[in-house]
Structure formats: C-alpha cells, structure tokens
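Observations on chain architecture
Read off the chains here:
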Amino acid sequence: MMKKKNISASKASLVLFLCQMVSALDVPLDSKLLEELLQPPTIIQQSPKDYIVDPRENIVIQCEAKGKPPPSFSWTRNGTHFDIDKDALVTMKPNSGTLVVNIMNGGKAEAYEGVYQCTARNERGAAISNNIVIRPSRSPLWTKEKLEPNHVREGDSLVLHCRPPVGLPPPIIFWMDNAFQRLPQSERVSQGLNGDLYFSNVQPEDTREDYICYARFNHTQTIQQKQPISVKVFSMDSLNDTIAANLSDTDIYGAKPVTERQPVLLTPTGSTSTKVELRGNVLLLECIAAGLPTPVIRWIKEGGELPANRTFFENFKKTLKIIDVSEADSGNYKCIARNTLGSAHHVISVTVKAAPYWITAPRNLVLSPGEDGTLICRANGNPKPDITWLANGVPIAIAPEDPSRKVDGDTIIFSHVQERSSAVYQCNASNEYGYLLANAFVNVLAEPPRILTPANKLYQVIADSPALLDCAYFGSPKPEIEWFKGVKGSILRGNEYVFHDNGTLEIPVAQKDSTGTYTCVARNELGKIQNEVQLEVKDPTMIIKQPEYKVIQRYGQVSFECIIKHDPTLLPTVVWLKDNDELPDDERFLVGKDNLTIMNVTDKDDGTYTCVVNTTLDSVSASAVLTVVAAPPTPAIIYARPNPPFDLELTGQLERSIELSWVPGDENNSPITNFVIEFEDGLHEPGVWHYQTEVPGTQTTVQLKLSPYVNYSFRVIAVNEIGRSQPSEPSEQYLTKSANPDENPSNVQGIGSEPDNLVITWESLKGFQSNGPGLQYKVSWRQKDVDDEWTSVIVANVSKYIVSGTPTFVPYEIKVQALNDLGYAPEPLEVIGHSGEDLPMVAPGNVQVHVINSTLAKVHWDPVPPKTVRGHLQGYKVYYWKVQSLSRRNRRHVEKKILTFRGNKTFGMLPGLEPYSSYKLNVRVVNGKGEGPASPDKVFKTPEGVPSSPSFLKITNPTLDSLTLEWGSPTHPNGVLTSYILKFQPINNTHELGPLVEIRIPANESSLILKNLNYSTRYKFYFNAQTSVGSGSQITEEAVTIMDEAMASRQVDIATQGWFIGLMCAVALLILILLIVCFIRRNKGGKYPVKEKEDAHADPEIQPMKEDDGTFGEYSDAEDHKPLKKGSRTPSDRTVKKEDSDDSLVDYGEGVNGQFNEDGSFIGQYSGKKEKEPAEGNESSEAPSPVNAMNSFV
C-alpha cells in the first residue's frame, strides 16, 4: 500500500495574501515602506482609564504614538491645557508623550489627581488618548472603637462585623488570630463578601478573645488590623451548673438543652433583592443562613439553567459565581437554605447592563487622491450608547470643514478626497456605564508603484501541484498588475492562470514546462515598475520498491526494503515508523540507506512498519506488516569480537560534510553495540588516526562534519560486549576545500610583564583548525573606557605579542582573530587584560596597634586608594620586630618578622610576642609586582608576663644540717622580678615525701644557705621566679646532708663484711626467682603481686563516701607536714603514694618537665625516676592523676 502527499509552502502564502485583501488601499507591513510614507499619528500605548497610583512613588502617565513625521505631544488636565513647563516636578520623556511626576522629590500625589488626556499631532492630523483618571491609592487606618465582648448561647447565630475603612482600591478582607493564623472556616463558620464573619450556630469551641479582622491594601502593600473581638459561648451544661449553685435543693432548675432551629437567612435579608452587573464582569451572589443543624445552600435559576461552563460555587456553596456574564444571564436566582427542620429561600433579581462594546471599530483608511471611502463606528451596550465624532481631537461639528466629508450617524462618507483631507478621526461611544474611544486616520497618498517581493525570488513546486508566485505591491492610486513569462514574453491570460487581487499569480497545475522566469509589472498614473521571479517544477518523489509483508521466526533477522526515486536536486530523508510511531530505542533496529533490518526478532516486534520519505516539497509513504512466529531450538552459541566492517563508501561529498557508509562484519553472536569512526589527516598528520565520532550498532551510515583544508581518510571499528574489532580498511581519501577559519584562538589573555607593556598571549590553532594555508593572527587592542580606536597587528607562527609604551596597570580590551589566505574567522570575543603592574605608590595610613595581652596584639590600618595600588591588590604585609626587652634594656640583633594578610583586609593579629618588650612595626601594600613603601614605624610595648624558670639551680657545701643554694636569674624575665619562691621537702628511702616548706627570697639575691636541716637526709627543692603578674615555671633539684662520722664508720664496716655481702646476694637471687614466677603466672592469667595488692586495697577513686561528711572512705586526716606512714591511703597534702596508684601520670615525668600540648597530648619525656612532687593547692607541679582529680572536689 502506498500514499502520496504533495505539500507546497506556497499554499500558506495564498491564504495570507487573500486575507490581506481589503476594499480600501492597504499598506503592507513592510518596515522600509512604512519609514518612507507619510502617516498621521497613531496612539500605540497609554495608561489605563482608571489609573490608581502609589502615592509614595513617581507617577508615570504613558502616552506613546507613532507617525511620519514623528508627532509632538501635549496634555490637558481636567479639560484645560496642562503646561508642564510651569511645573518643575513634571517632565516629559524625550521622543515620547509620557509624563513623569516626581513625587519622590517632594511632590504630593493628591495635588495631581484629575483627568488627563494626551494629544499626538503632526502635519497629517492629531490623535488623542482616553481620558485617564489619576487617583492616588489610599489605605486609611481603622477608626478607633470600643468593642464589647459577645456573650452568646450555644447554638445561636452570630455575626462579627468587620466594617473595614474605605480604601482605594477596596481592601482584601481576612480573619486571623493573635498568632497570625487564619481562622478555620466551614459550612458553619464563613466570611461573607462584605468581610463580616458569620456563624450559622456557635459552639463552645468558638470561645476565644482574638477574632481579628485584617484589611490588606495591595496597592500600597499595607495591612490594617481591627481591634480583637471577644466571643464567649455559654454551653447548656455550664449554664445548668451556674443555676444549680444559686438555687436551693427544693428549687426546680435546669436550662433547656440546645434547641434545634430551622434555617433563617442572615444575608441577604428579606425574601427578595436586586443586583445589577455589567456585561463581561463576574457575577457574585451570596446567601448565608443561620440554623441548627447547619443549613446547606442550593442555587437555582428560575425558568432556566445555570450556565454550564461559567458557573462556580465558592465559600461552601454559599456564593454563586458566574464569569463573563452577558444579557442572557439576567433573571431570578433563588438560593435555598435547608436543614432537617425546614428551609428558607431568597430570590435575587439580576439585571445585566453593558458598558459600550465594539461591533465595528473604525479602521485606518489609506486612499488615493480622488478616491472614495468610509469610516464606520458601530457599538452596542445597555442602554444603547451615543455615537459622536471628532476630527483631530475637536468635535466634528466645530472642526474645519472638509467638502469631501459627510457624517451620517455612525458613518463618515468620503468622496473625491485630496491630500488635504488627511486627518485623524475619533469615534466616541458612551452610555452611563462607560465609554469607548477609537482613533482612525484617513491618509491620502499619491505614490508611484513599488514591488515589495524580492527580485529573482525562487519558487519550487512539485509537478501537477499549484504554484503561487508573489508580487506584493504598493502604490497610490492602486496599481494595475500584469504578468509575463520570459523576458520578452506576452502577457499571461487564459484559464490556466488565476490572478489574485494582491498581485499573486497562481498556476493551478504546474507542469515541467512551467519552469522559467516570470515578470510582474505594476503601473499607475504616477509610474511603472517590474520584478522577475523564478519557478522550478520538480519531479515527484516515488517509492519504486515498497516494503513487503514478512513472517519471521522468533530470534531471527528480517529486512524491509524501501527504494525511492526522486528529483536529483532534492535531498530526501527516510524515516521508519512502527505502528505510526517512532521506532523503539533499541540497538536491534538497523536503519540503512534503503532498508530497515531488525536483529534478534522478538514477539513485541509484531506490527506495521512504514517507510516515510520527505523532501522540502513533498512526502510519500508505504507500509508492510511483520508477523513473528516461534523459533526452533538454537545450538550452543560461541561469542567473540566482531569482524571488522568492510566496503566503506563515501557519498554526498559537500564542502563541510560527507556521508560514510559501510557493511558490518560478522558480529560473532554478540550484537554490535556501536561503531567507532576514526579519521586520518594526510595533509597535516599522515599516519595518525583521530577519533571522529561513534554511532549505535544499528546504524551503518553516518553524516560526518568536515573541516576545510584537510585530506580525510576514514576507518570504522565495530564494538560488542566482548571487545573491539580490528579497524576496517581505510576509505578513499577526500580533500576538502580551503575556507576562512571557523574559530579563533582560545585562552586569550593580557598581562603586562613590565609597567609599560601589555603581553597578549593565546593558544594557537591546530593544523586542521586553520581551514587553509597561510594561518595568521590579527591581534587588536584598545584601552578600556577610553574613546580610542582599535590598534591591530597581524602576526604568524607565534602565540604572544608585546605591546610597549602602555600606561601602568590600565584595563585593555583585547581580541585575537584568526585568518588565512582566504579570509578572516568570525569576529572574536573581547577579553579584558591589564598592562603591567608597578610597585604601589603610597603606604597605608593611620596605623594603630591595640595590645591584647603580653603575647598578642591587633594592628589596624586604612586601605590605600585603589588607584595608587597600580596593580592587582594581593594584600598587606606587616613587618614587626623586637627593639629591646624593657627588663634588660639591652639591644640585640633585629630579626624582623612578616605577616601577610590577603585581600583588602584592614586589620590583623600579631601572635608570639615577647612580654615586657618594645616593638616596632610598619605596614606595606602588596600587588603582583611587589611591595609598596612602608608606613612610618609604629612603636608599641607589651605588658609584663610570668618569667621563665631560673637559668640554673646549684646546691653546694653540704654539711650535717645545712646546704648552700646558688641560682641564676631567668633567661626571659618577661618583666620586673619581685621575688624568688623556694620550696623543699625531705624524701625517705621509699621515695615518700615529707612536709613542704616555702621560703620567699628577694629578687636581688643569687644564693642562700639553708640551716637546721636533718643530717643524712635527702631533700627535693622547687625553685621559681615571680613578677607582678605571677609565678613562672619552676626548676627542681635534689641534695643530701652528710651523716656524722660514727655512723659513717659503722656503715663502712658493715658494707665490707662478708656476711653482709652474702646476704645481699641471696636477696637478689630471691627477687630474681620471684620475678620469674610472677612472669609465668601473669602469662597464665593468674594473679600477680600488684593485682593482689589492688584487690586488697581498692582504688580510692571508687571508695564509698562517708554518710556524715561526704568525704571519701579512708581519707587521712593527718596534719600537714607530719611524716608519712606506710599504709596511708591518701596523704593530707593530697599527694598519691606509688603503691596507691600505679597508673598515675606522675610516673611518666618529673615535676614541671611533664607538660601537655595545647591539644592535650602529653609531651613529657619518659623517666625511670619516680619521684613525688608537692601537691599543695594550685602550686603542685605533679601531673594530674584520677585520684587527685577526685580529691580536688572534696
């Protein structure tokens, strides 16, 4: 089966030209023609008739008009001339009639209320605007009123009145509570059109004190609020309780339960009312009823039906809404309110009136001298409007007489017009509901013929179809049109041609011999003109081999052929459809040049396949049905990479594209997913293959985009899930013609390397991008924001150009355009660069330093003026250095420190300062070139801090009861030393610490003799310096007083006795055996001595607290300085014994040498010496242990 459709674009043109035919002379919408013809003014834009303005903003009254020559503008206000030159607040926009009243510069909007009308005038007439009524919007405040609380019995009806202030335009009303939440509405509670809140019946939950009515004035974006209204609902249960409390037991009491009531209308009142609405508006009718249960509202129209597509119900069917009303909607509308006890109804008599509306609005009239014409102005309305005419804005009765003009009611008749008859006429149709004003000009022109259809326009049609040859024309008087075929042919006449009034020549059945040149001649009494067009008649497109019905087994392969014949000058496109829709997006469908192949057919491929052939002029199609049947069992499948494609063919060679087709190789049981196409440029890069594109595996033809000046060869690689095939054999070579470059260099930049130059760089085009021989670059530049011409230079084989002699750091507009021997690339994009930077000229000013503490200061400065930076601002550098220490007054080598603050910051922090020191600093601005001059040095001083530890502590001259201490002052006093603090305490043989003694030593001392010490006793000393700020870090040392001579002698004798030596060896052997046993038991998981001790003496951290004083159990109350006894759990000075806390951090450091980093990590060095430190209050240098932490809360 085969269908054929011949589509001609000329048919659309025929409809267009036939629609343009009018009785009077028509001016085509040709922009060039319209610019040349004289034309009376036409109002093209104006403000609305009722123009409400915001009193806080400037008033803009629009009036725009066109005409030839351009019109001038004037205004009237309240019927008299408005002289805008005498009002400083009123201006008229250039080349426009639009007025701007500058309210924001001191004007009052109320002073400009009134009726305004604009007149646009030129030598051909005057057009006028509507009467524009200017009124400022108003959003008045609510009048203050005292609102009494509403006390309502449950079940009664209630109306809360809103009574919003009268605004312009009227406000939008809504009810909310104090939390700005909208009050819920329902069939029982709803808001009326007047803004009141209606309760059909009240319920206890309606009790609240914050019923608030809001009025939103959209024009001024303001919201006004009414005073909150209080509603108190008395339920029958609470009323009974109140009565019972006030009556004796013998009284009979009890309020009646809530009484159900039949509906009563709250609004509208009475049984009937009337409503007048204007045609085209929205009709809103409302009925709200009281009653219990809550009534349901229903609407009907007496004697008719509610309009089906224009009727809507709102507000729970209490509001009937009919849009776009007309006179047919007049009538009686009844609302019926019904509940289980009865019903109530109300009839609203609706009358639809109409402001004037057009039946026939007057249209512009273009006439030739001596011609006749009419202006018709017909309008309707209810009541019927009066028609009045004006000429150039003046009532026609008092306008200058025109003998060619005659007024007959709603028609003006013109006879034998002359050029002086040109004017603008206004038709005014008005009744009590409004008016219409229309401008229509009569333009009398004397113009020689003009043909607007382009010369030598080419028309193409299919043989045996209509041909429409255009000859759009204009002239006054209206020209006569004649057609000729050939340059010297005879005038065309006869039934084989149709001549349209708009000049179009129609050949109903064009044949091949209709091809040729056709000449259109237009003439009138003022001249003659002709134009030639070309007609080509093409052979129709045909399908010479159509697809045929196919039956195929499931999983098989099927092909449909579609071989076509077409006019050689037309380029056909073939589209395949399945069941009149696009083919499935499935790689199994392969569309070839003349066929459709479906691989691995499945049941869902059943259907009708259609081949559609389209050209720019016609379309044909043919269809065939595919039936899929079951397939026999298949043998085992072996999968492999596909074989390479073959038979590569290049067709359709064009300058920028070519079609490549190929035959797929065997897919080896794995469907081909895609083909990769590669190309070789034998001219620029022989032997190198580049990726071109890839297509789905169902495609064996591809249209390739080509670049000029490339010697192409192509090859194809097939891909399946197993892998890629070997490349096909290369195609034949195809050398494209040279052409202008298509693109320009990328990454164009302009950055100066010196203060007086601009270095322009770019990325050069690659060889195949050159599009031809002789690749060069046109480099152009000009200074930005300066009215300079472009400076250009052409260079080759480079990617950089240096412009010398430029001002320092100024912006330049830069562009680089490629060109070759055939011409230039498209106009390049402009980029912004800068000439070279120079060092900044000035230093930051007003440098201020705020010392925060002894090691930190904050510096402020004022930014430098941008013009003095002379480059890209990178930031500011602060140079600062220590001048001297205030405690030593000695100078040392100055080591300057630098801090850089990026961007346009104007402050920074200086950390790491030394206390009690004098510093200097300066600030410099930094750009890409370097640093600017330094600001004047600013001197600042840091306050005192705590000193460092004394430089050394030596203990000499030990005697029986004295030791001599010598020390050096701190390396960094960080202030004025006030004293030294010495603490010491004895240490026994078990490393237990005795009582701590503290001595304060004057700062000017450097030695001390300690007397009255115990003989043969080891002492530990803690020594630190102090300033007025506090104590510095301490230094520790140990020393022993000597024993008396007798004891020393006995000691020597015992040490040299053999029995003593043997005893010591036995003890050492025993200890070694015990260590081995403990090691073995620990590896076997048994208890070890320390574990047994832990079991025997529980950790004090988990001891129970005493009930009487809240202290921990086993806390020692021994007095301070009392010698420690073995077995004491926690000494009074709150040190921890070794055996009490084997995992104390004390074991990992000595005194203050064990410290913590800022992040809490321990940095003390591990030491085998396990000594106890004093732990008196905050002066303890002992590393914290869990027990100490717990004890600190006791």
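Just so you know, these numbers come straight off a predicted model, no measurement behind them. (Residues numbered from 1 in each chain as written. Predicted model: local features only at pLDDT ≥ 70, side-chain atom pairs only at ≥ 80, totals over all residues. Heavy atoms only, no water.)

This part covers the overall build of the protein chain. Helix and strand counts for the protein chain come out as eight helices and 86 strands. Residues counted as buried form 41% of the 1194 residues belonging to the protein chain. Counting only carbon and sulfur atoms, one obtains 52% of the accessible surface of the protein chain, whose full area is about 64500 Å². (Helix = DSSP H or I, 4+ residues; strand = E, 2+ residues; numbered from the N terminus. Buried < 20%, exposed > 50% of the residue type's maximum accessible area, 1.4 Å probe, protein only. Areas by Shrake-Rupley, 256 points an atom, 1.4 Å probe, with all protein chains shown as cover.)

Moving on, we come to the state of the cysteines. Across all of its chains, the model carries six disulfides by this definition. Through a disulfide, Cys63 is tied to Cys118; the S-S separation comes to 2.0 Å. Judged by the sign of its S-S torsion, about -70 degrees, the cystine formed by Cys63 and Cys118 is left-handed. A residue pair is termed long-range when its members are at least 10 positions apart, and Cys63 in strand S5 (residues 63–68) and Cys118 in strand S10 (residues 114–122) qualify at 55 residues. Here Cys63 and Cys118 have matching classes, each one buried. One disulfide in the model links Cys287 with Cys335; its S-S distance is 1.8 Å. An S-S torsion of about -70 degrees defines the bridge between Cys287 and Cys335 as left-handed. With Cys287 in the loop between strand S23 (283–286) and strand S24 (288–292) and Cys335 in strand S28 (residues 331–339), the pair connects residues that are 48 residues apart, well separated along the chain. Under the relative-accessibility criterion, Cys287 is labelled buried at 0%. Taking relative accessible area as the criterion, Cys335 reaches 1% and is therefore assigned buried. Going through the protein chain in sequence order and numbering each bonded cysteine, the pairs you get are 1-2, 3-4, 5-6, 7-8, 9-10, 11-12. (Disulfide = S-S within 2.5 Å.)

Moving on: the packing of aromatic side chains. What the rule picks out here adds up to 21 aromatic pairs. Seen in terms of ring centroids, Trp662 and Phe675 are 5.3 Å apart; in terms of plane orientation they differ by 65 degrees. Their pairing is edge-to-face. Here Trp662, found in strand S59 (residues 657–663), pairs with Phe675, found in strand S60 (residues 672–681); they are 13 residues apart in sequence, far enough to count as distant. Through successive ring pairs, a cluster of aromatic residues spans Phe174, Phe180 and Tyr214. Cation over ring: Arg208 sits above Tyr211, and NZ or CZ is 5.8 Å from the ring centre. Across from the ring centre of Trp881, 4.4 Å away, lies the NZ or CZ of Lys896, which sits over that ring. (Phe/Tyr/Trp six-rings, centres within 6.5 Å; stacked < 30°, edge-to-face > 60°. Lys NZ or Arg CZ within 6 Å of the ring centre and 35° of its normal.)

What follows is about the confidence of the model for the protein chain. When pLDDT is averaged across the protein chain, the result is 84; 84% of the residues are at 70 or more. Below pLDDT 50 for its whole length, residues 1048–1052 participates in one contact with residues either more than four positions away or in separate chains. Note that pLDDT drops below 50 for residues 1086–1194; the model gives that stretch 153 contacts with residues more than four away or on any other chain. (pLDDT = per-residue confidence, 0-100. Contact = heavy atoms within 4.5 Å.)

With that out of the way, let us pick up unusual backbone geometry. Residue Leu168 is joined to Pro169 through a cis peptide bond whose omega torsion reads -10 degrees. Relative to the helices and strands, Pro169 resides in the loop between strand S14 (158–160) and strand S15 (172–176). Pro383 follows Asn382 through a cis peptide bond whose omega is 5 degrees. With respect to the secondary-structure elements, Pro383 resides in the loop between strand S32 (378–382) and strand S33 (386–391). With phi around 60 degrees, Asp785 is a residue other than glycine that occupies positive phi space. Positive phi is not limited to glycine here, since Phe809 has a value of about 45 degrees. Within the secondary structure, Phe809 is located in the loop between strand S69 (800–804) and strand S70 (811–820).

Take the pattern of salt bridges next. Opposite charge on two side chains allows them to pair when their charged atoms are near. Using the criterion set out here, one finds 35 salt bridges in the structure. Among the ionic pairs, Arg188 bridges to Asp206, the shortest N-O distance being 2.6 Å. One end of the pair, Arg188, is in the loop between S15 and strand S16 (189–191); the other, Asp206, is in the loop between strand S17 (197–199) and strand S18 (208–217), and 18 residues separate them in sequence. Residue Arg188 shares its accessibility class with Asp206, and that shared class is buried. A network of salt bridges, in which partner residues are shared, links Asp177, Arg208 and Asp210. (Salt bridge = Lys/Arg side-chain N within 4 Å of Asp/Glu carboxyl O.)

What follows is about a nonpolar patch on the surface. A contiguous nonpolar surface patch, about 660 Å² in accessible area, is contributed by Leu1069, Leu1072, Ile1073, Ile1076, Val1077, Phe1079 and Ile1080. Note on placement: Ile1073 falls in helix H6 (residues 1058–1083). Residue class for Ile1073 comes out partly exposed when judged on its relative accessible area of 44%. (Patch = residues over 30% accessible without salt bridge, like charges linked within 9 Å, V, L, I, M, F, W, Y side chains within 5 Å.)

It is worth spelling out the sheet that holds S14 at this point. Strand order in the open sheet made by the three strands is S14-S17-S16, with antiparallel pairing throughout. Since the sheet does not close on itself, it has two edges, and those belong to S14 and S16, each with one partner. Sheet twist, expressed as the average angle between the axes of neighbouring strands with direction ignored, equals 15 degrees. For S16 and S17, the ladder comprises three bridges, and the chain directions are antiparallel. (Pairing = 2+ DSSP bridges. Axes fitted to C-alpha atoms, helices over the stretch in contact; angles between N-to-C directions.)

We now examine the environment of Tyr116. Among the structural elements, Tyr116 can be located in strand S10. Take Tyr116: its relative accessible area is 1%, and that puts it in the buried class. Distance from Tyr116 to Arg77, taken between C-alpha atoms, is 4.6 Å for residues 39 residues apart in sequence. Each residue touching Tyr116, except ones within four places of it in the same chain, is listed here: Ile61, Trp75, Thr76, Arg77, Phe82, Asn130, Asn131, Ile132 and Ile134. Of the polar contacts made by the side chain of Tyr116, one reaches the backbone oxygen of Tyr112; its length is 2.9 Å. (Polar contact = N/O pair within 3.5 Å; in protein donor to acceptor, adjacent residues only side chain to side chain.)

Formed by 29 residues in total, the largest nonpolar core has its most connected members in Ile59, Ile61 and Trp75. Among the elements of the structure, strand S4 (59–61), S5, strand S6 (72–77), strand S9 (99–101), S10 and strand S12 (132–136) are those that each provide at least two residues to this core. (Core = buried A, V, L, I, M, F, W, Y, C linked by side-chain atoms within 4.5 Å.)

Glancing now at the side chain of Ser713. By the element assignment, Ser713 lies in strand S63 (residues 711–720). The exposure class assigned to Ser713 is buried, which follows from its relative accessible area of 3%. When neighbours within four sequence positions are excluded, Ser713 is seen to be in contact with Glu678, Phe679, Glu680, Trp689, Ser731, Glu732 and Gln733.

Overall, antiparallel pairing links the three strands, which are arranged S58-S59-S62 in an open sheet. Pairing within the sheet leaves two strands with one partner each, and these edge strands are strand S58 (646–651) and strand S62 (701–705). Going from strand to strand, the sheet's axes swing by 25 degrees on average, the running direction of each strand aside. Where S59 and S62 come together, five bridges link them in antiparallel fashion. Residue pairing across strands places Glu659 opposite Gln703, the latter belonging to S62.

Quick look at the environment of Val676 now. Relative to the elements of secondary structure, Val676 occurs in strand S60. Along the primary structure Val676 and Val716 are separated by 40 residues, whereas in three dimensions their C-alpha atoms are 5.7 Å apart. Setting aside chain neighbours within four positions, we find Val676 in contact with Tyr691, Thr693, Glu694, Arg715, Val716, Ile717, Val719 and Arg724.

Glancing now at the side chain of Ser190. Tracing the backbone shows Ser190 in strand S16. By relative accessible area, Ser190 is classed as buried at 0%. At a separation of 2.6 Å, a polar atom in the side chain of Ser190 contacts the side chain of Lys318. Those residues within four positions of Ser190 in sequence are excluded, and the remaining contacts are Gln185, Asp196, Leu197, Tyr198, Ile288, Asn315 and Lys318.

Next up on the list: the environment of His161. When you line up the elements, His161 lands in the loop between S14 and S15. Sequence separation of His161 and Asn194 is 33 residues, and the distance between their C-alpha atoms is 9.0 Å. Setting aside residues no more than four positions away along its own chain, His161 makes contact with Trp175, Asp196, Lys226 and Ile229. Here the side chain of His161 touches Asp196 through a polar contact of 3.1 Å, side chain to side chain.

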